[in-house]
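# Architecture at a glance
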Amino acid sequence: MRSTQTTDAVQIDSWLTEEDERSLANDALDGLTRPFKEIAPKHFYDSRGSELFDAITRLPEYYPTRAEMAVLRDHAEEIVAATGAGELVELGSGASDKARVLLDAMRDAGTLRRYIPLDVSAVVVTEAARVLTEAYPGLSVHGVIGDLERHLEQVPEAESPRLVALLGGTIGNFPPGTRRGVLRRIAGLLGPEDRLLLGTDLVKDPAVLEAAYNDSAGVTAEFNRNLLHVLNRELGADFIPEAFEHHAFYDRRREWIEMRLRAARPMSVNVAELGLRVEFAAGEELRTEISCKFTRTRVAGDLAAAGLELEHWLTDAEGRFAVSVAGLAG
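Note that the coordinates shown come from a computational prediction; the quantities given were computed from them, not determined experimentally.

Counting its secondary structure elements, the protein contains 10 helices and 14 strands. Taking 2.2 N^0.38 as the reference for a compact globule, 330 residues should give roughly 20 Å; the C-alpha atoms of the protein span a radius of gyration of 20 Å, in line with that estimate. Reported as C-alpha extents along the three principal axes, the dimensions of the protein are approximately 60 × 45 × 35 Å. Considering only residue pairs separated by 6 or more positions, the protein has 70% of its internal contacts joining residues 24 or more positions apart. One way to put it: in the protein the 37 positive side-chain charges average out to a point 4 Å from where the 54 negative ones average out.

Right under this line is the structure:
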C-alpha cells in the first residue's frame, strides 16, 4: 500500500500492486484464448474511454444517467434523513456528479463528515478529493485507489453512519453468480446503521434498450472500438479498430444487453506483450460488455442472497431506472 497525504483533509491510499496493474494482460490472455472471445468492460476506461463515456451519457438515446440522477435528486434528502448518514462510500466513483447530490443532502442535514471514493484510476480519486474538499468546507476524503473486485476490504471503517453507493448500473456488468459475490463483499462494509444504494437499469421495451447502445451519432461504437486502441497501446497489439464493427443487442432470454466487436474480414492479430497471435474469422465476435437489466424481484433476490434486505425501491417517473436502498438482513 502506498499512502499520500495531500492535505490535512485528504488521505489517498493506493492498493494496486504490479499484479493488479497487469490485470489487462491477464484478462486479455484469458479472454482472447477462449472459444468465444471476450474482454472485461472495466478496460474501456482509459482517459479517452472515460471522455467517450461521458459524451454517451449526454446523448438523447442514453437515458440511464439522467434517470438515475432524477431519482437521487428526488430522494437524497429523505434517504439521508432516514439514515442519519454522514459518510459516503462511492464504489467505482468516476465523475462526482451523483456524489454531490448525496453530499449536498448530508451537508444540508448537518451530518456531512467524510467521502470515500474507490476507483482504479488514481486521477479520478485525486481529482474528486481536490474538487470536493474545495466545494464542502470541513469534508474529509479518504480515497482508495483499487479494484472493486479485489480491494473492498481496504475501504476504511466507518466513523459515522454511512451510505455505500454502487451506482450507474455497474452491478449489471457482472454475470449473476459473480454479481451476488460482489454484493456479499459489499455487505461486509455495512454495519447496522449503514445502507447500500444500488443503481440498476430496468427491463423495458427492447427497442429503447437497444437504441441506448446504438446511438445515431456513433459515439458508443467509438467507445466500443476504443478497447482495441487500449490493447494496442498497453500490450503492443496490432488490432485495426476500424476493421471491427460495433454490435449491440438485447438478449431477451437473459435480459441483458451485449456489446460486441465483429471482425469485418479474416485477420490475424499479434499481441506482442503476451507473445500471442489471435485469429479472427470474418464475422467472428469479441464480447466487450454485458449490461444486465433488472426487475424488483431480481434485485431483491440478489440482495437476499448477499445477506441484504431491500428496504426502499425508488424509480424515476417513467420507471426506467431504480435506486434500491438496502440494509443488513435480520
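Having put the structure on the table, let's press on.
In spatial order, the strands read β8-β9-β12; together these 3 strands make up an open sheet with antiparallel pairing. Sheet topology places β8 (244–251) and β12 (285–292) at the edges, where each strand pairs with a single neighbour. Each neighbouring strand pair of the sheet contributes to a mean axis angle of 20 degrees, computed without reference to strand direction. Of the strand pairs in this sheet, strand β9 (residues 256–263) and β12 are connected by 7 bridges, and their pairing is antiparallel. In the strand pairing of β12, R262 is matched with E285.

The pairing of β8 with β9 spans 8 bridges and is classified as antiparallel. Opposite Y250, over in β9, you have I257 as the bridge partner. Where β8 folds back on β9, the antiparallel hairpin that results is connected by 4 residues, among which E255 adopts a positive phi of roughly 55 degrees.

Time to look at the environment of V71. Here V71 shows up in helix α4 (residues 64–83). In this structure the C-alpha to C-alpha distance between V71 and F321, which are 250 residues apart in sequence, comes to 8.2 Å. Residues contacting V71, with those up to four places away along its chain left out, are L314, T315, D316, F321 and V323.

L32, L231, L235, F239, F244, V271 and F280 are the most contacted members of the largest nonpolar core, which has 39 residues in total. Where this core is concerned, the elements lending two or more residues are α2 (23–32), α3 (47–56), α8 (206–212), α9 (219–235), β8, β9, β10 (267–271) and β11 (276–280). Considering every element that reaches this core, the biggest residue donor is α9, with 7 residues. In this structure, L16, V71, L112 and L163 belong to the second largest nonpolar core, which totals 34 residues.

All right, on to the environment of S23 then. Relative to the elements of secondary structure, S23 occurs in helix α2. Overall, S23 belongs to the buried group, its relative accessible area being 9%. C-alpha separation for the pair S23 and D147, spaced 124 residues apart in sequence, amounts to 9.9 Å. Each residue touching S23, except ones within four places of it in the same chain, is listed here: H43 and R150.

Quick look at the packing of α4 against helix α5 (residues 97–109) now. Where α4 meets α5, the axes come as close as 9 Å, and the angle between the chain directions of the two elements is 15 degrees. Here α4 lies roughly parallel to α5, going by the angle between them. Here α4 and α5 pass one another in a crossing that is right-handed. Seen from α4, the contacting residues are T65, E68, M69, L72, R73, A76, E77 and V80; seen from α5, they are D97, K98, V101, L102, A105, M106 and A109.

All right, on to the pattern of salt bridges then. Pairing between side chains becomes possible if they bear opposite charge and their charged atoms approach one another. Per the stated rule, a full pass over the model turns up 32 salt bridges. The residue E222 makes a salt bridge to R225 at a minimum N-O spacing of 3.0 Å. Residue E222 and its partner R225 are located together in helix α9, separated by 3 residues, close to a single helical turn. Taking the relative accessible area as the measure of exposure, R225 reaches 17% and is therefore buried. One salt-bridge network, held together by shared partners, links D30, R34, E38, E258, R260, R262, E285 and R287.

A separate point is the packing of aromatic side chains. Per the counting criterion, the structure on display carries 10 aromatic pairs. Ring plane angle 85 degrees and centroid distance 6.3 Å describe the contact between F44 and Y45, whose orientation is recorded as edge-to-face. Ring pairs connect the aromatic residues F44, Y45, F53, Y62, Y213 and F223, which therefore count as one cluster. Here the basic side chain of K37 rests over the ring of F280, its NZ or CZ set 4.9 Å away from the ring centre.

Locating D302 in the fold gives a position in helix α10 (residues 296–305). Polar contacts involving the side chain of D302 include one to the side chain of R179, which spans 2.7 Å. When near neighbours in sequence (up to four residues on either side) are disregarded, D302 contacts R179, R180, L183 and F294.

Rules of the game
- Residues numbered from 1 in each chain as written.
- Predicted model: local features only at pLDDT ≥ 70, side-chain atom pairs only at ≥ 80, totals over all residues.
- Heavy atoms only, no water.
- Helix = DSSP H or I, 4+ residues; strand = E, 2+ residues; numbered from the N terminus.
- Rg over C-alpha atoms; globule rule 2.2 N^0.38 Å.
- Contact = heavy atoms within 4.5 Å.
- Lys, Arg positive; Asp, Glu negative; His and termini not counted.
- Charge placed at Lys NZ, Arg CZ, Asp CG, Glu CD.
- Pairing = 2+ DSSP bridges.
- Axes fitted to C-alpha atoms, helices over the stretch in contact; angles between N-to-C directions.
- Core = buried A, V, L, I, M, F, W, Y, C linked by side-chain atoms within 4.5 Å.
- Buried < 20%, exposed > 50% of the residue type's maximum accessible area, 1.4 Å probe, protein only.
- Parallel < 35°, antiparallel > 145°, perpendicular 65-115°, else oblique.
- Left-handed = near helix turned anticlockwise from the far one by under 90°.
- Salt bridge = Lys/Arg side-chain N within 4 Å of Asp/Glu carboxyl O.
- Phe/Tyr/Trp six-rings, centres within 6.5 Å; stacked < 30°, edge-to-face > 60°.
- Lys NZ or Arg CZ within 6 Å of the ring centre and 35° of its normal.
- Polar contact = N/O pair within 3.5 Å; in protein donor to acceptor, adjacent residues only side chain to side chain.

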